[in-house]
Amino acid sequence: MARPGVTIRSARSASVTSPATGLPPGQSAIPFDVTERHVGFDTIDVVSQQTVSHHYTRRADGDDAYTPHRFRYVWPAGLDLMARA
């Protein structure tokens, strides 16, 4: 089971989390990896239920690469409704 603030991604790019309650007031991003070669954080739009996972990676040649991954988070109750359909 996921801990609060932990994102679970499936083949359909859904996330089971509670971003509306998991962020301190004024915070819009959740860092999940900060190393010398990679910085990753998720930004959350609560209204549209859209999340972007931002990845900044330092390549072997010294250049930096940015790769965003967009997905939608769902509430567990929404998954229950989809399972019944």
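This text goes with the structure placed above it.
Residues numbered from 1 in each chain as written. Predicted model: local features only at pLDDT ≥ 70, side-chain atom pairs only at ≥ 80, totals over all residues. Heavy atoms only, no water.

Asker: I'd like to hear about the overall build of the protein, residue by residue, with values.
Answerer: Along its length, the protein carries 2 helices and 5 strands. Its helices and strands in sequence order give the protein the pattern β-α-β-β-β-β-α, from N to C terminus. Across the 85 residues of the protein, 22% fall into the buried class. Of all intrachain contacts in the protein linking residues separated by at least 6 positions in sequence, the fraction that spans at least 24 positions is 27%. Carbon together with sulfur atoms contributes 57% to the accessible area of the protein, which is approximately 6200 Å² in total. (Helix = DSSP H or I, 4+ residues; strand = E, 2+ residues; numbered from the N terminus. Buried < 20%, exposed > 50% of the residue type's maximum accessible area, 1.4 Å probe, protein only. Contact = heavy atoms within 4.5 Å. Areas by Shrake-Rupley, 256 points an atom, 1.4 Å probe, with all protein chains shown as cover.)

Asker: Account for the pattern of salt bridges, with residues named and values stated.
Answerer: Here the structure, examined in full by the defined rule, presents 1 salt bridge. Here R58 makes a salt bridge to D64, at a shortest N to O gap of 2.6 Å. Residue class for R58 comes out partly exposed when judged on its relative accessible area of 39%. On the basis of relative accessibility, which here comes to 53%, the residue D64 falls in the exposed class. (Salt bridge = Lys/Arg side-chain N within 4 Å of Asp/Glu carboxyl O.)

Asker: Describe the environment of D63, with residues and values.
Answerer: Of note, D63 is situated in the loop between β4 (50-58) and β5 (64-74). A relative accessible area of 42% means that D63 is categorised as partly exposed. Once residues lying within four places of it in the same chain are set aside, the contact partners of D63 are T57 and R58.

Asker: Give a detailed account of the side chain of H54, specifying residues and quantitative values.
Answerer: Here H54 is to be found in strand β4. Discounting chain neighbours no more than four positions away, the residues touching H54 are F32, V39, G40, F41, T43, Y66 and T67.

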